[in-house]
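Observations on the three-dimensional arrangement
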Amino acid sequence: HKTRKHATIDCNRYQATMTSESTGTITPVLPPAPRAGIDFESLPWNLNEPEAHKYIHVTTTAGDWTSEHYDASSDTGLILTEVKPYAATPLDLYPSTTSLNYGTTIWEGLKCYRTASGRAAVFRPDKNHARFSNGAYAMCLPPPSYELFMRGVQAAVMENKDLIPPFGDGMKLYIRPMLLGSGQQLGLHPSPRISLLFYVSPTGNYFKGKSAGLNLHLETIKSRAARGGMGAVKCSGNYGSTLRPLANAKKQGFDDNIYLELDSYQKGQLDKALLQELSAANIFLVLKTGEIVTPSLDRGTILPGVTRDSVLALAKEYSEELKAAMIESTGDDSVNVTISERDVTVGELRNATEVFITGTAAELVPLASIATGENEEEFITKFPHGATLPGGPVTAKLLSILREIMYGTRSCKMTEGWLKDPLASPEDFRTGSM
């Protein structure tokens, strides 16, 4: 590709606050109004308005990323100039491209949205960088530095800032960083050329048009991930392996699969098998004992979701505030709220008053039922609280707390640094907090 020339970025352009000379007050800089002519709320969870996007693509053949790609001290580099129109600039990939032949692709999913005050916010990008770096190591790809990753995220938002949806539940500018082997070779080796990309898509309200929670298929035949494999890595293969089981589940009327640690399942003893995760989401149970529990990451088979981590942290921080919702959910006035990460068995679903899933798309989604399908050991359990949205009292309360944090109407010491303003200076975006 020809390099698209840009003037050196003026850091002052990115200052998130302006000081009035007359009053001395500090006023945050707001993003421009959303692009006219787009019904943002109705956009599906998909690639939307590609003709309006710009994306960033930098490469290296040196086996690492250098100051040529980004120099934080001068805020210069290819990450700021290699900006391309999405629809008009497809990637040049040869048949022998390493990622096409050997699956050496990882990616992340972040969101940028408008807060209650109208400011733009990117949610916990530092967590995405940590996971991205772990995935890069696992796939023999050079991880970008924190500075390069964050500047790429920030630049992608700034180049598409009129695609940030208006303030409202669920609407966001989705940001997808990618790292892939883009060099040519036939042998099974790390790629001689690496591509780092950042692209975006505006998405609407996940719940628009929905009235009830999800009905999941308990998958007892196909495995999503095994111990010692790539289950904890956000690589393309983790998702490709779920497509056929997902299509089969939908043919039977289910919304998605919940997978097992398949080595823990013996026929006739399904209740003892361990839960894993969905095709692209983590699972939480609210038990009658007052425990909010999600499967542990210790086996290395479950993706460490950013929303999962956020819900765990917020449930611990606001456990006392959750107590009234837990009493309503369980019907037990003496119940205490506890939060756990541990092995969770299928049988424990029978003792759950609520079950919900977490992910970037919808934050928290309640479940209405989990059941096995055709030619499988029989199992079914329903969750009445999931029959309507937003779900049971604990699910709804956690979603409310999470969104208050996201929208800047609630904060605490623990959540400092969770929200990053992409209109801030590059240094403030990396290290500051809204």
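Here goes a summary of the coordinates provided. (Residues numbered from 1 in each chain as written. Predicted model: local features only at pLDDT ≥ 70, side-chain atom pairs only at ≥ 80, totals over all residues. Heavy atoms only, no water.)

So, the overall build of the protein
A count of helical and extended segments in the protein gives 9 helices and 19 strands. Whereas a compact globule of 434 residues would reach a radius of gyration of roughly 22 Å, the protein reaches 22 Å, a difference of no more than 12%. The principal-axis extent of the C-alpha atoms belonging to the protein is close to 65 × 65 × 40 Å. Counting only residues that meet the buried cut, the protein has 55% of its 434 residues in that class. Put simply, 74% of the contacts in the protein that link residues at least 6 apart link residues at least 24 apart. Of note, the protein has its 43 positive side-chain charges centred 4 Å away from the centre of its 48 negative side-chain charges. (Helix = DSSP H or I, 4+ residues; strand = E, 2+ residues; numbered from the N terminus. Rg over C-alpha atoms; globule rule 2.2 N^0.38 Å. Buried < 20%, exposed > 50% of the residue type's maximum accessible area, 1.4 Å probe, protein only. Contact = heavy atoms within 4.5 Å. Lys, Arg positive; Asp, Glu negative; His and termini not counted. Charge placed at Lys NZ, Arg CZ, Asp CG, Glu CD.)

A look at helix α6 (residues 306-317)
The first and last C-alpha atoms of α6 sit 16 Å apart over 12 residues, in line with the 16 Å expected at 1.5 Å per residue. Most of α6 sits out of view: 9 of its 12 residues are buried. Residues of α6 that are buried: Val 306, Thr 307, Arg 308, Ser 310, Val 311, Leu 312, Ala 313, Leu 314 and Ala 315. (Expected span 1.5 Å × (residues − 1).)

Quick notes on the nonpolar core
Ranked by internal contacts, the top residues of the largest apolar core, which has 43 residues, are Ile 106 and Leu 179. Among the elements of the structure, β3 (54-60), β6 (110-114), β7 (120-123), α2 (125-138), α3 (146-159), β8 (172-181) and β9 (194-203) are those that each provide at least two residues to this core. The element best represented in this core is α3, accounting for 8 residues. Core analysis: the second largest hydrophobic core is formed by 32 residues, Leu 399, Leu 402, Cys 412 and Trp 418 among them. (Core = buried A, V, L, I, M, F, W, Y, C linked by side-chain atoms within 4.5 Å.)

Observations concerning the pattern of salt bridges
For the structure on display, the rule yields 21 salt bridges. For Arg 224, the salt bridge is made with Glu 277, and the minimal N-O distance between the two is 2.8 Å. With Arg 224 in the loop between β10 (214-219) and α4 (236-240) and Glu 277 in strand β12 (residues 275-278), this pair connects stretches of sequence that are 53 residues apart. By relative accessible area, which is 7% here, Arg 224 ends up buried. Residue Glu 277 is classed as buried on the basis of its relative accessible area of 3%. Ionic pairing is found between Arg 342 and Glu 348, a salt bridge with its closest N-O pair at 2.6 Å. Note on Arg 342: relative accessible area 26%, which makes it partly exposed. By relative accessible area, which is 17% here, Glu 348 ends up buried. (Salt bridge = Lys/Arg side-chain N within 4 Å of Asp/Glu carboxyl O.)

Focus: the layout of surface pockets
One number sums up the size of the largest pocket: a volume of about 1200 Å³. Together, 44 residues line the largest pocket, and Trp 45, Tyr 239, Ala 280, Ala 281 and Ala 361 are the ones closest to its centre. Those elements that provide at least two residues to the lining of the largest pocket are β8, β9, α4, α5 (243-251), β12, α6, β16 (352-359) and β17 (363-371). Class assignment of the residues belonging to the lining of the largest pocket gives a composition of 19 nonpolar, 14 polar and 11 charged. (1 Å grid on protein atoms, 1.4 Å probe; cavity = no way out; pocket = protein on both sides within 12 Å on 5 of 7 lines; lining within 4 Å. Points joined across faces, edges and corners; volume = space filled by probe spheres on them. Nonpolar A, V, L, I, M, F, W, Y, C, P; charged D, E, K, R; others polar.)

Re the pairing of β6
Of all the 5 residues making up β6, 5 are buried; the element is thus mostly covered by neighbouring parts of the structure. Neither face of β6 is open: one carries Leu 110, Cys 112 and Arg 114, the other Lys 111 and Tyr 113, and all of them are buried. When β6 meets β7, the two strands line up antiparallel, connected through 3 bridges. Each residue of the ladder has a partner; that of Arg 114, found in β7, is Ala 120. Between β6 and β7, which pair antiparallel one after the other, the connecting turn spans 5 residues, and Gly 118 there sits at a positive phi close to 95 degrees. (Pairing = 2+ DSSP bridges.)

A look at the environment of Ser 133
With respect to the secondary-structure elements, Ser 133 resides in helix α2. The residues contacting Ser 133, other than those within four sequence positions of it, are Pro 143 and Pro 144.

Some words on the environment of Ala 156
Note on placement: Ala 156 falls in helix α3. Along the backbone, Ala 156 and Arg 176 are 20 residues apart, and their C-alpha atoms lie at a distance of 9.4 Å. Not counting chain neighbours up to four residues away, the residues in contact with Ala 156 comprise Ile 56, Phe 198 and Val 200.

With respect to the packing of aromatic side chains
For the structure on display, the rule yields 10 aromatic pairs. Pairing Tyr 86 with Tyr 199 gives two aromatic rings, centres 6.0 Å apart and planes at 45 degrees, and the pair type is tilted. Of this pair, Tyr 86 sits in the loop between β4 (83-85) and α1 (98-102) while Tyr 199 sits in strand β9, placing them 113 residues apart in sequence. Summarising the aromatic geometry, the rings of Tyr 113 and Tyr 407 are spaced 6.1 Å apart at their centres and angled 70 degrees between planes, so their arrangement reads as edge-to-face. Taken together, the residues span a long stretch of sequence, with Tyr 113 in strand β6 and Tyr 407 in helix α8 (residues 393-407) at a distance of 294 residues. There is no split in this pair, since Tyr 113 and Tyr 407 are both buried. Three or more aromatic residues joined by ring pairs make a cluster, and in this case those are Tyr 55, Tyr 86 and Tyr 199. When the ring centre of Trp 107 is taken as origin, the NZ or CZ atom of Arg 176, which lies over that ring, is 3.6 Å away. (Phe/Tyr/Trp six-rings, centres within 6.5 Å; stacked < 30°, edge-to-face > 60°. Lys NZ or Arg CZ within 6 Å of the ring centre and 35° of its normal.)

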